[in-house]
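Listed below are the residues making up each chain.
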Amino acid sequence: MNNKGKMNENSKNEQLEQFRVRDEGEKLTTNQGLKVSEDEFSLKAGERGPTLMEDFHFREKMTHFDHERIPERIVHARGFAAHGEFEVYESMKKYTKAKFLQDPSVKTPVFVRFSTVAGSRGSAETVRDVRGFATKFYTEEGNYDLVGNNIPVFFIQDAIKFPDLIHAVKPEPHNEIPQAASAHDTFWDFVANNQESAHMVMWHLSDRAIPRSFRMMEGFGVHTFRLVNEEGKAHFVKFHWKPVLGVHSLVWDEAQKIAGKDPDFHRRDLWESIEGGLFPEYELGVQLIAEEDEFSFDFDVLDPTKLWPEEDVPVKIIGKMTLNRNVDNVFAETEQVAFHPGHVVPGIDFTNDPLLQGRLFSYTDTQLLRLGGPNFHELPINRPVCPFHNNQRDGFGRQTINVGQVSYHKNSLASNTPAPVSEDEGGYVHYQEKVEGRKVQSRSESFKDHFSQAAMFWNSMSEPEKEHIIDAFSFELGKVKSKSVQQQVVDMFANVSVELATAFALAIGAMPPQKGGSQVTKSSPALSQLNTKKLPNTRKVGVIIGTDFKGEDVLNVCNALIAEGIQVEVISDKLGNQKAFDGTELKVDHTFLTCDSVLFDAIYAAGGKGVSQKFKEEAAYFIQEAFSHYKAIGATFEGKNWLQEEVMANSPGVVIEDQDMSVFAQNFGQAISAHRHWNRQLVK
Ligand code: HDE
C-alpha cells in the first residue's frame, strides 16, 4: 500500500494484496525459489535403500511442516474472523477527537474476530460460554482495538485474579476434562469463593451464552473508557455493538446437539452469510457519563462487574459496522491477528478500572509468546494502514528494512527524526487525570456490592428466560461432584433470588437456602431478549419434500419465503433432484443423514406422495425435534401426516394449511420471524 495515498474502506484490502500469493498454475519450487522435479519420492540410495540427508527439498518440506503450529491463545483460542467497514452516522466531535468518529463520509476498514473463551482451538462452537467480540479499526491515526465480549460485565474486578479464574474454568488439570465447559467442580468452586462473579454468572447461565449466531449477539467494551474531545474535556464511555438482526439464542439441548452435528456451526454461519452477500451488520452505541457525575450512581463506574442500565444511561447509536469479506487464509489473518485494549487513538483513553489496567499489560505479553517475538505488528493483518516510524529494531522475523545510520532518539545525524509531535499535530497525550493515594493492595468499598445487579438481571428476565436460567444452574451444578460446592453455590445465589436458588437446589438434591433474598426490585427491560428485534432475514428453513410433491404450490411457498429474506434448504431421503407430480424438479441440498433439525430455524414439511415408511419416520423425527426446540413448523399437503397433528395442530408457531399457499407462506414467515415460541406446551 502506498502510505501516502488517502485512506478509505479499501485501504486494508489494498495493503493485504501486496502479501497475497496465488499458487495455482505455478511451478513448484523450494523456499529458495529452486524448481523442484520430484515431490513424491525422497532421495534414496537405491529404490529400497536408506533416505539421504542430502535431500534438501525433503528436509525443508519436513522442517517447515514440523514448525507449523504456534501456541494457541490461552483464552479465546477458538475464533473466527471477517473483514468489513465502519462508518459513523454523525460527527462525535462534541465528545471525542478520534478521527474515525468525525466524518460520516469516511469508511474505516475493520477486522473482527469472534471467539469462545474456554475451549481449545478445535473445540465446538455452540458450547455455553462467553463470546469474544474483538474489533480492529484500521484508522488514519493508527489501529484502534475494541476488544470486547458479548456480555457487558466480567467475572472478576481485578486483573490479578484472571489466571485463577481461567485455571478454574479450563479443563481440570489432573484429567483434562471437561473441554469447553464450565459445568465442573473447579469453576463452581471458584464462583462460590469469589462472589464478585455473581452478576456475570447470571449472564453466563442465561441464553446470552448460547447465541444463535455471531450475527445475532451484542458486543460490549465492558470497561469504562474515556472519550476526550479537542478541548480536552472527557466523558466516561461504555461501548456497545447492537446487531441489526436482534439478539437471539439457541436452546440448551439444541446447542449441545449442534456441538456434535456441526462443531463449526458459528463459523459456517458467518462464512456462508458473507459469501452469500448477507452481510452481518452491527450498530455502534455509546453510553456517556460526564466526569462530574462519576459518583452519581449506585455503582462505581470503575467496577467491571457492573453495567449502566440503558434506561438510566441511554445508548446513543453513532455508527454502523458491516462485515463484507471473508479472510483468504485463516492462519495468516484470524490466527495471527493480535488485539490489545491498549491500541488506542487520540480521543480515546483509559480509566482506573483495575481489570482494564491489567489487560493493558497482558495482551502484548501474550503475543510475544504466541507470535514468537516483538515484530508481530509487521504481520500483514496487524499492520496499520497509516505510516509507522520509530527506533525499534531487530528481533525474530524482522521484515522492515530500516534504511540509514540512526536508530536512536534524540539525535542530530537525522535532524532528530523520527520526531515526536505535539498534540495539535496528532501526538497521543495521555489524559491528565489527577491521581492521589497511598500504595495499597485492597479494593474500594464501592466495589463490594456483588448481588444488586445480579438481582436486577434476574428481575429483568421474562418467564421463559428465568426457566432457562434455572435449568442451566440445574445442569451445571448437576455435573458438579462436590456436595459442598453445590451447597455453597445454592447459598450464594440465594442472595440474588431465593426462588432461583430453591429451584435449582431441589433439582440437584441440595438443601434449599435457609436465608437470603434480595431487596432489589429494579429491572432493566433492555436486558431481556424477549424485547429484541424480530426479523425473518437470513433465517434458515429446512424444507422436507418427497417424490410427487405439489410442485408449483411448494415452489411458490419457497419463493415467498425467499422474498422475505429467509434461506431455504431442501431435505429429502436422497441427494440429486426431487420430482414433483407436475414434473417440476427441486435440487435436494441435504439428506436426513447429512443434516439435522437442530441446524435450522424452522422446518417445513412440504409433502410428497411417494415416500416410504422410513422417510415418514425420519421426517417426523425432524419435526418433533424442531417442535421441542420451540421452532416454527409449517406443514402442507402430505407433510401434515408427518407431524403429530393432534399434539401440534393448535400450538403456537405451528402453521398447517393446504388451501391457500400465499396465506400459508405469510403466516409461516411470521412464525419464523418470532424466533422461538416459548408459550408452546411441550409433549413430555
Ligand atoms: Fe482478554 N485476553 N483478558 N478479556 N480477551 C486475551 O490475548 C486478559 C477480558 C478478550 O480474538 C488474550 O491475544 C486478562 C475482558 C477477547 O484475538 C490475553 C483479562 C474482555 C480476546 C487476555 C482479560 C476480554 C481476549 C489471549 C483480565 C472483554 C480475544 C490471547 C484482566 C472486555 C481476542 C490474546 C482475539 C484475549 C488477557 C479479560 C476480551 C491472555 C489478563 C474483560 C475478545 O492477553
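Residues numbered from 1 in each chain as written. Predicted model: local features only at pLDDT ≥ 70, side-chain atom pairs only at ≥ 80, totals over all residues.

With an unreviewed UniProt entry as reference, the protein chain is termed Catalase, source organism Metabacillus sediminilitoris. Annotation of the protein chain in UniProt includes, under Cofactor (unreviewed entry), the sentence "heme". (UniProt positions renumbered as here; feature names shortened; annotations may be inferred.)

1. Quick notes on the overall build of the protein chain
Looking only at helices and strands, the protein chain has 17 helices and 18 strands in total. Along the first, second and third principal axes, the C-alpha set of the protein chain runs to 90 × 80 × 55 Å. Looking at the protein chain as a whole, 42% of its 684 residues qualify as buried. Nonlocal contacts in the protein chain, meaning residues at least 24 apart in sequence, comprise 73% of its contacts between residues at least 6 apart. (Helix = DSSP H or I, 4+ residues; strand = E, 2+ residues; numbered from the N terminus. Buried ≥ 20, exposed ≤ 12 C-beta atoms within 10 Å, placed from the backbone. Contact = placed C-beta atoms within 7 Å.)

2. Considering the site of the ligand
Surveying the vicinity of the ligand reveals 25 residues, the closest of which are R73, H76, G132, A159 and V222. Put simply, the parts of the chain that give the shell around the ligand at least two residues each are β2 (107-116), β3 (131-139), β4 (142-149) and α9 (354-370). When residues of the shell around the ligand are assigned to their parent elements, the largest contribution, seven residues, is made by α9. Split by residue class, the shell around the ligand holds 12 nonpolar, 10 polar and three charged. (Near = placed C-beta within 6 Å. Nonpolar A, V, L, I, M, F, W, Y, C, P; charged D, E, K, R; others polar.)

3. A word on the UniProt feature "domain: Catalase core" (unreviewed entry) in the protein chain
Here, the residues flagged by UniProt with the feature "domain: Catalase core" (unreviewed entry) are residues 29-417. Here residues 29-417 is 20% helix and 20% strand, with 42 Å between the C-alpha atoms at its ends.

4. Thoughts on the sheet that holds strand β18 (residues 654-656)
Spatial ordering of the open sheet is given by β15-β12-β11-β16-β17-β18, a layout of six strands whose pairing is parallel. Among the strands making up the open sheet, the edge pair consists of β15 (590-591) and β18. Each of β11 (540-545), β16 (602-607), β17 (632-635) and β18 touches helix α17 (residues 661-673); the most contacted strand, β17, lies at about 165° to it. (Pairing = 2+ DSSP bridges. Axes fitted to C-alpha atoms, helices over the stretch in contact; angles between N-to-C directions.)

5. Description of the environment of Y95
Examined against the element boundaries, Y95 turns out to sit in the loop between β1 (79-88) and β2. As for Y95 and E230, which are separated by 135 residues in sequence, their C-alpha atoms are 8.3 Å apart. Residues within four places of Y95 in sequence aside, it is in contact with L227, N229, H235 and L288.

6. Remarks on the nonpolar core
In a soluble, globular protein the nonpolar side chains are often hidden away together inside. Ranked by size, the top nonpolar core spans 161 residues in total, and within it I544, I603, A605, I623 and I633 carry the most contacts. Per element, the largest residue contribution to this core is six residues, and it comes from α17. Discounting chain neighbours no more than four positions away, the residues touching A605 are I544, A619, I623, G634, A635, G639, W642 and L643. (Core = buried A, V, L, I, M, F, W, Y, C linked by C-beta atoms within 7 Å.)

7. Looking at the domain arrangement of the protein chain
Where interface size is quoted, it is often the accessible area lost as the parts come together. According to the domain assignment, the protein chain contains domain 1 (79-159 + 211-382), domain 2 (452-530) and domain 3 (534-673). Between domain 1 and domain 3, the C-alpha centre-to-centre distance is 37 Å. Facing the 11 residues of domain 1 at the interface are nine residues of domain 3. Sort the elements by how many residues they give to the side of domain 1 that touches domain 3 and helix α6 (residues 252-261) lands first, with five residues. A breakdown of the residues in the side of domain 1 that touches domain 3 according to their chemical character gives four nonpolar, two polar and five charged. (Domains from an automatic or database assignment.)

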